[in-house]
Amino acid sequence: MTGNAANWFVDRHIAEGRGAKTAFEEAWEGGRQLTYGALAEGAGQVAEQVGIATPVVGARWRIQSWRIWP
């Protein structure tokens, strides 16, 4: 284990062939489901945007309106 939470909670499932398996399901009837593959894709999008953003000294990070499923 690398100590990286994304690696343990998402990436290992994809590496072990479970990318299409449900990772998250909303509890109420008709709730949405999210697969490990979709979760990894969304996490990658967030990481990419945070990586290219340049913070101003003393500024706080703010991520608005991220959607990782349709």
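Here the structure is shown first, and the text comes after it.
Residues numbered from 1 in each chain as written. Predicted model: local features only at pLDDT ≥ 70, side-chain atom pairs only at ≥ 80, totals over all residues. Heavy atoms only, no water.

1. Here's the deal with the packing of aromatic side chains
- In the structure shown here, the tally under the stated rule is zero aromatic pairs.
- Residue placement shows R12 over the ring face of W8; its charged tip is 3.9 Å from the ring centre. (Phe/Tyr/Trp six-rings, centres within 6.5 Å; stacked < 30°, edge-to-face > 60°. Lys NZ or Arg CZ within 6 Å of the ring centre and 35° of its normal.)

2. Describing the side chain of E26
- Its place among the elements puts E26 in the loop between β1 (22–25) and β2 (33–35).
- A distance of 2.6 Å separates the side chain of E26 from the side chain of R32, its partner in a polar contact.
- Not counting residues up to four positions away in its chain, the partners in contact with E26 are G31 and R32. (Helix = DSSP H or I, 4+ residues; strand = E, 2+ residues; numbered from the N terminus. Polar contact = N/O pair within 3.5 Å; in protein donor to acceptor, adjacent residues only side chain to side chain. Contact = heavy atoms within 4.5 Å.)

3. Concerning the side chain of H13
- Note that H13 resides in helix α1 (residues 5–15).
- Non-local contacts of H13, meaning those with residues more than four positions away in its chain, are made with W8, R18, G19 and Y36.

4. A word on the pattern of salt bridges
- On inspection of all chains with the given rule, the structure shows two salt bridges.
- For the salt bridge of R32 with E26, the shortest nitrogen-to-oxygen distance reads 2.6 Å.
- Since its relative accessible area comes to 38%, R32 is described here as partly exposed. (Salt bridge = Lys/Arg side-chain N within 4 Å of Asp/Glu carboxyl O. Buried < 20%, exposed > 50% of the residue type's maximum accessible area, 1.4 Å probe, protein only.)

Take it as geometry only, folks, not as evidence of what the structure does.
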